[in-house]
Amino acid sequence: MANRMTVNYMEKPCYDIVFTTDFSLLKDEISGLGFKGRKIAIITDTNVEKLYSKEIENSLSGEYDTVVTYAIPAGEEHKNLQEIEKIYEFLMERHFDRHDLLIALGGGVVGDMTGFVAATYLRGVSFVQIPTTLLSQTDSSIGGKTGVDLGGVKNMVGAFYMPRLVYMNISTLNSLDDRQYASGFAEVMKHGLIKDENFYTWLIDNMYEINDKDPDVVLEMVMHSCDIKRVVVEKDPTEKADRMLLNFGHTLGHAIEKHKNFKMFHGECVALGAIAAAFISWKRGLLSMEEYYEIRDMFVPFNLPISVEDIDKEAVLNLTKSDKKSDSDKIKFVLLKKIGKAFVDDTVTRDEMEKALDEIIYIENND
Ligand code: GLY
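All values derive from a computational prediction rather than experimental measurement.

Caption draft 1: Highlighting empty space enclosed by the protein. The full count for this structure, using the stated rule, is three cavities of 30 Å³ or more. Of the pockets and cavities examined, the second largest cavity occupies roughly 40 Å³. In this structure, the second largest cavity is lined by Val-7, Asn-8, Tyr-9, Tyr-15, Gly-143, Met-162, Val-233 and Pro-237. Looking at which element gives the most residues to the lining of the second largest cavity, the answer is strand S1 (residues 3–9), with three residues. Looking at the lining of the second largest cavity residue by residue, the class counts come to six nonpolar, two polar and no charged.

Below you can see the structure in the form of structure tokens.
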């Protein structure tokens, strides 16, 4: 028996998120979408393909004209328009039309790219998300953001395009290594920090179970994290206001990620960016010193970095300007009023960001 949650779009039910522990319900869930006799393309990456694509292909066989798999080379460096073109060609060669279905099987990169293909191929085909990482289950598969990187800027080209279904098999998290799992956890922590102090406290109280991937605790964590995101994206699907809060930790986080040539994981950079944002919030008198140090130190038991080496501060600061979250020359920075309450501020200065970078670069020396 699966848990489910419906996500509204424009105040109407749009798609369900199914939370379960295997793929046994997938066939019926897809069947319920009404694509009998049509073609299905599972878009995945070369890592995830080896783990699950055969199982999913087999479970869907019989009811559809064809079920085929296309694997993108794994890695953020392949999240580009050249790879998108290859997917279009794959679909064209197999005569996919507007009535067929795409399935995104994998992490955030696969979900964003498949969603972008779905939004644009023949001006829009249906797609399903099967997120297999903690980051994609708790964040990127919900809310319809799709896209690719361009010119070194993350998600520079994209579209808001809603999936028909998000199917989460929580047991796929067991295939993640500790670093990938921790990286996804940064987004979970972010949801608590920006919207829900009780959830933040619950995460800390359950840190051992979370790190051990206790199935019941992980299920509760993923569902609660998705519910926070659901409320935000329902209220502001196209990021005019509240959805910007989800960018907490991302202004400096994205800049560090790019500066490090994507060698650090996204969530690791978000953790550093969140610490920097909390530092600025403290220095502005919004958070107490105790709150700041608690936020910073709570990333440690979840195996996330609180400091970073080999950073050229000027280069990172310059990269914040090319982040697409900036509005003309003003950066929309997300700060904390308190744990569980974030707000957008466009007055954060270069000097404040520089001091925040000093804090995360030299943190060990400062103690
Ligand atoms: N990952 C942030 C958002 O979906 O808006």
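Caption draft 2: Representation of the sheet that holds strand S3 (residues 39–45) within the structure. An order of S1-S2-S9-S6-S5-S3-S4 is seen for the seven strands of this open sheet, with the pairing classed as mixed. Where the open sheet ends on each side, the last strands, each with one partner, are S1 and strand S4 (66–72). Averaged over all pairs of adjacent strands, the angle between strand axes in this sheet comes to 20 degrees, irrespective of strand direction. Along the sheet, helix H3 (residues 81–93) makes contact with S3, S4 and strand S5 (101–106), crossing S4 at roughly 160 degrees. In the packing of helix H4 (residues 108–120) onto the sheet, the strands contacted are S3, S4, S5 and strand S6 (126–131), and the crossing angle to S5 comes to about 170 degrees.

Caption draft 3: Expanded view of the nonpolar core. Ile-17, Phe-185, Met-221 and Phe-299 are the most contacted members of the largest nonpolar core, which totals 80 residues. Ranked by residues supplied to this core, first place goes to helix H11 (residues 266–283) with eleven residues. Counting residues in hydrophobic clusters, the runner-up holds 22 residues, among them Ile-30, Leu-33, Ile-42 and Tyr-64.

Caption draft 4: Geometry of helix H2 (residues 46–60). Its 15 residues give H2 an end-to-end C-alpha distance of 20 Å, which sits within 8% of 21 Å, the value for a rise of 1.5 Å per residue. Of all the bends in H2, the greatest measures close to 55 degrees and is centred on Tyr-52. Of the residues making up H2, those classed as buried are Val-48, Tyr-52, Ser-53, Ile-56, Glu-57 and Leu-60. On its buried face, H2 sits against helix H1 (26–31), S3, S4, S5 and S6. For H2, the N-terminal capping position is held by Asp-45, with its side-chain oxygen 2.9 Å away from the main-chain nitrogen of Asn-47. At the C-terminal side of H2, Gly-62 shows a positive phi close to 110 degrees.

What counts as what
Every chain is numbered on its own, with residues counted from 1 as its sequence reads. Whole-chain, interface and lining totals are the exception, using all residues; otherwise, since this is a predicted model, local features are given only for residues with pLDDT of at least 70 and side-chain atom pairs are given and counted only at 80 or more. Hydrogens and water molecules were not included; the side-chain quantities draw on all heavy atoms of the structure. Here a cavity means grid points, on a 1 Å grid over the protein atoms only, where a 1.4 Å probe fits yet cannot get out; a pocket means an open set of points with protein on both sides within 12 Å along at least five of seven lines; lining residues are those with an atom within 4 Å of a point. Grid points are joined across faces, edges and corners, and a volume is the space filled by probe spheres set on the points. Secondary structure elements follow DSSP: runs of H or I of four or more residues count as helices, runs of E of two or more count as strands, with numbering from the N terminus. Residue polarity follows a fixed list, in which Ala, Val, Leu, Ile, Met, Phe, Trp, Tyr, Cys and Pro are nonpolar, Asp, Glu, Lys and Arg are charged, and the others, Gly among them, are polar. Pairing between strands is defined by DSSP: at least two bridges between the two strands are required. Comment: axis = line fitted to C-alpha atoms, over the contacting stretch for helices; angle = value between 0 and 180 degrees taken between N-to-C directions. Between two residues, a contact is recorded if the distance between any of their heavy atoms is within 4.5 Å. Note on terminology: a nonpolar core comprises buried Ala, Val, Leu, Ile, Met, Phe, Trp, Tyr and Cys residues joined through side-chain atoms within 4.5 Å. Under the scheme applied here, a residue whose accessible area is under 20% of the maximum for its type counts as buried, over 50% as exposed, and between as partly exposed, the area being computed with a 1.4 Å probe on protein chains only. Helix span is expected to be 1.5 Å times the residue number reduced by one. Bend, in this description, refers to the angle at a residue between axes fitted to the seven residues ending there and the seven starting there. In the analysis that follows, any N or O atom pair within 3.5 Å is treated as a polar contact, provided that within protein one partner can donate a hydrogen and the other can accept it, and provided that, for residues neighboring in sequence, both atoms belong to side chains.

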